[in-house]
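Inside the fold
Below, each chain spelled out in residue letters.
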Amino acid sequence: MSSNSWEGLAQLLVAEGFFVVAPNLLAHAGRQGNTDYRISAFAEDLRPYFVMGTSYDVIIGHSFGGAVAVSLLPFLPNKKETTVILLDPGLEFTEEQNKMNLNLFLKETGDIKPVDMHMAKNPAWSRRDCMLRTLGFSMCDRTAVEVFRQNSPWSFNGLLRKIPLHVNITVLVSDPKFGVDICNLEDIPRDVERLNVRALTGIGHWIQYECPDVIIDTIPLPRAKL
């Protein structure tokens, strides 16, 4: 809901020598929404971050942001290799799942839970993460609910079959026993070059809160330090 929610992971990346950019998506963190909530519009909104051939070592997308991240693939400069990490990405929803996500969004942004409630429900989260989660909900433009209506059917897995030669993608999938049924292993394409999939055990949907080290381990750190 807010770029602040990446604070913990960002600090780990900075410690490894990265310069971190964490943009707020449309209708997130106080940004005004608009009438176009197609995933392609979210990706187009981020194109200024790639002006003049600006490139990145690593791009990370979580949940619905995973669909935005794969929509950015055509925009990535081909002058260097880029690692894309998708954290339990929402790439394929049935119509029923899409309606459930819509209703959940309206519920969570209409009745914002206090920090202590997030902590009680998610013991693996730090207090900082719980505070930022609450802050993110409070700053979200509720018109963003249109993302579920304007992207129906919700189907973006096909973009994983069009990975550019200079891009490597890793998908980290949460444990279904602890997740929220956002990403299912059977929905991820198989036998695709430069696409790696890893199923996590005992880790829920918010991988960057619960186990940021597993993300760091996925990044080719020696190259970033050159």
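Residues numbered from 1 in each chain as written. Predicted model: local features only at pLDDT ≥ 70, side-chain atom pairs only at ≥ 80, totals over all residues. Heavy atoms only, no water.

Quick word on the pattern of salt bridges
Counted under the stated rule, the structure contains eleven salt bridges. A salt bridge links Arg31 to Asp45; its shortest N-O distance comes to 2.7 Å. Here the residue Arg31 occupies a position in the loop between helix 1 (7-15) and helix 2 (39-45), and Asp45 occupies one in helix 2, the gap between them amounting to 14 residues. Residue Asp45 is classed as partly exposed on the basis of its relative accessible area of 24%. (Salt bridge = Lys/Arg side-chain N within 4 Å of Asp/Glu carboxyl O. Helix = DSSP H or I, 4+ residues; strand = E, 2+ residues; numbered from the N terminus. Buried < 20%, exposed > 50% of the residue type's maximum accessible area, 1.4 Å probe, protein only.)

Focus: helix 4 (residues 95-110)
Here helix 4 spans 23 Å end to end across 16 residues, near enough to the 22 Å set by a 1.5 Å rise per residue. Considered for burial, the residues of helix 4 that qualify are Gln97, Asn98, Asn101, Leu102, Phe105 and Thr109. Buried residues of helix 4, viewed axially, fall in a sector of 145 degrees; they line one side. Away from its buried face, by an angle of more than 90 degrees, helix 4 presents the exposed residues Glu96, Lys99, Met100, Lys107 and Gly110. Buried residues along helix 4 sit in contact with strand 3 (92-93), helix 6 (127-138), helix 7 (146-150) and strand 4 (154-155). (Expected span 1.5 Å × (residues − 1). Arc of directions from axis to C-beta. Contact = heavy atoms within 4.5 Å.)

Quick notes on the packing of aromatic side chains
Under the counting rule described, the total for this entry stands at eleven aromatic pairs. Here the aromatic rings of Tyr37 and Phe42 are separated by 6.0 Å at their centres, their planes lie at 40 degrees, and the arrangement is tilted. You can call Tyr37 buried: its relative accessible area is 1%. Seen from their ring centres, Phe148 and Trp154 are 5.9 Å apart, and the 25 degrees between their planes marks the pair as stacked. For the pair formed by Phe148 and Trp154, the shared burial category is buried. Among the aromatic side chains, those forming a connected cluster through ring pairs are Tyr37, Phe42, Phe64, Phe93, Phe105, Phe148, Trp154 and Phe156. (Phe/Tyr/Trp six-rings, centres within 6.5 Å; stacked < 30°, edge-to-face > 60°.)

What about a nonpolar patch on the surface?
Where nonpolar side chains cluster on the molecular surface, the patch consists of Phe19, Val21 and Tyr49 and spans about 340 Å² of accessible area. Structurally, Phe19 is set in the loop between helix 1 and helix 2. We classify Phe19 as exposed; its relative accessible area is 76%. (Patch = residues over 30% accessible without salt bridge, like charges linked within 9 Å, V, L, I, M, F, W, Y side chains within 5 Å. Areas by Shrake-Rupley, 256 points an atom, 1.4 Å probe, with all protein chains shown as cover.)

Details of the pairing of strand 1 (residues 58-62)
Counting buried residues along strand 1, four of its five residues qualify, which places the element largely inside the surrounding structure. Bridging between strand 1 and strand 2 (residues 82-87) involves five bridges; their strand directions are parallel. Within strand 2, the position partnered with His62 by the bridge is Leu87. Between the parallel pair strand 1 and strand 2, the chain is carried across by helix 3 (residues 64-71), and the sense of this crossover is right-handed. (Pairing = 2+ DSSP bridges. Right-handed = clockwise from strand over helix to strand, strands pointing away.)

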